[in-house]
Amino acid sequence: MIISVTLSKPNSNVEEELGKAFEKIKIKIENSARGTGYFAEMFTKTQVFHQHFTEAQLQDFLEKHAGKTFKNCVERSGTSEITIMASKKGKITRLERPLPQNQKENASSGSLKILPAAKQKNYLLSEGNPVPFLILLGLMTSDGKVIKSKYDKFRQINRFLEFIDDILPEVLNLKKNSGENENSPVRIADFGCGKSYLTFAVHYYLTQIKKIPCMIEGLDLKEDVIKYCNDITKKLDLKNLIFHTGNISDYSGKENPDIVITLHACDTATDFALKYAVERNAKAILSVPCCQHQVNQQLSKEKNFPKEFEALMEWGIIREKFSSLVTDALRGKWLENQNYKVQMLEFIDMEHTPKNILIRAVKNKNTDRKPEKNSPELLQALKISPEIWK
């Protein structure tokens, strides 16, 4: 997909062709309420004119004017730069070169300033390097500059990729030890994917940076969100990435996933996702739980608590936070009992809510261990009996 185009060195017939004596035209991709399109700045000596193009209109415009009305045209995608040049005799030459992985450019107003190399954060998705899905989702300009107001999301996407990167060697090793073909794709299921910033990021990171084949499925209840994600997938011509509308509790994929991602799946939806991952023998799980009502409701009805817990039950907001912590602790212990190594890590949510615990679980190599019962002492002490663990 074209990200940006610059046309320069006009021929003498430019005014006849375009109506004005344009000296240069700069065109950039834009993502607006109308959908994905292109915005052009068209410069004469004294004025600037603006025009919008659809993708098809841009292709027609370039076919007619690149190397013809304008002798020089530089067309840029997320991975390459194409230069179209015309000689004095009218011979058109087309040169293509791959873009370097990390490009450092000065930022314009409204975008984040790129720091010198010594001070710049070494992100997995580097600043200054155009990433097509980030451009379409409105986090980055067409020349790779992070939008200043979107920098938190950019940073959080990179943080999540660090979690993925940490577990990749173990996942690949577990696949190898299980007898799978070393060229088989890493299969990922993303439950409650939403607008899929992280889903697209994982797909891009694996395929474009790590060069690891993958198959990713996203699942969400909202039909409009799923349509939006599939539209972006189609626009970027992404392979082995698809989104479905559905409920986690009754989802049944054709292939067992190697990694299960579940971010902000409400209430017991997180538990259904964890249960699905365990039953399908997922090699790794990354889960950021959302609201948790079941334990909170049970605690609110219980009147005869041990004295040690009475103060925690006095105020609703404290009980709610305590319920979430109890639930996540039970989830962690349950996963350990299912033969997973479990870590509780801090992850800042993209919507800046207090739900910032990430449960990261990786399957132990010893697959013969039998599951154990889940933290009976804690369940008994609090007098709770969550349905999902019965």
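About the criteria used
- Residues numbered from 1 in each chain as written.
- Predicted model: local features only at pLDDT ≥ 70, side-chain atom pairs only at ≥ 80, totals over all residues.
- Heavy atoms only, no water.
- Salt bridge = Lys/Arg side-chain N within 4 Å of Asp/Glu carboxyl O.
- Helix = DSSP H or I, 4+ residues; strand = E, 2+ residues; numbered from the N terminus.
- Core = buried A, V, L, I, M, F, W, Y, C linked by side-chain atoms within 4.5 Å.
- Buried < 20%, exposed > 50% of the residue type's maximum accessible area, 1.4 Å probe, protein only.
- Contact = heavy atoms within 4.5 Å.

1. Quick notes on the pattern of salt bridges
For step 1, the next point in the chain: The tally for this structure, following the rule as stated, stands at 16 salt bridges.
For step 2, the next point in the chain: R360 is paired through a salt bridge with D166; the nearest N and O atoms lie 3.4 Å apart. Here the residue R360 occupies a position in strand β14 (residues 357–363), and D166 occupies one in helix α4 (residues 151–177), the gap between them amounting to 194 residues.
For step 3, the next point in the chain: For E180, the salt bridge goes to K283, with nearest N and O atoms at 3.3 Å. Taken as a pair, E180 in the loop between α4 and β8 (186–191) and K283 in the loop between α7 (269–279) and β12 (284–288) lie far apart in primary sequence, 103 residues in all.
For step 4, the next point in the chain: Several salt bridges converge on common partners, so that one network encompasses K175, E180, D258 and K283.

2. Some words on the nonpolar core
For step 1, the next point in the chain: L7, I27, F133 and F160 are the most contacted members of the largest nonpolar core, which totals 73 residues.
For step 2, the next point in the chain: At 11 residues, the largest contribution of residues to this core is made by α4.
For step 3, the next point in the chain: Ignoring any residue separated from it by four or fewer positions in sequence, one finds F160 in contact with L198, V202, I261, L263, L286, F347 and L358.
For step 4, the next point in the chain: If you look at the next biggest cluster of nonpolar residues, it comprises 19 residues, including F191, L219, V278 and A361.

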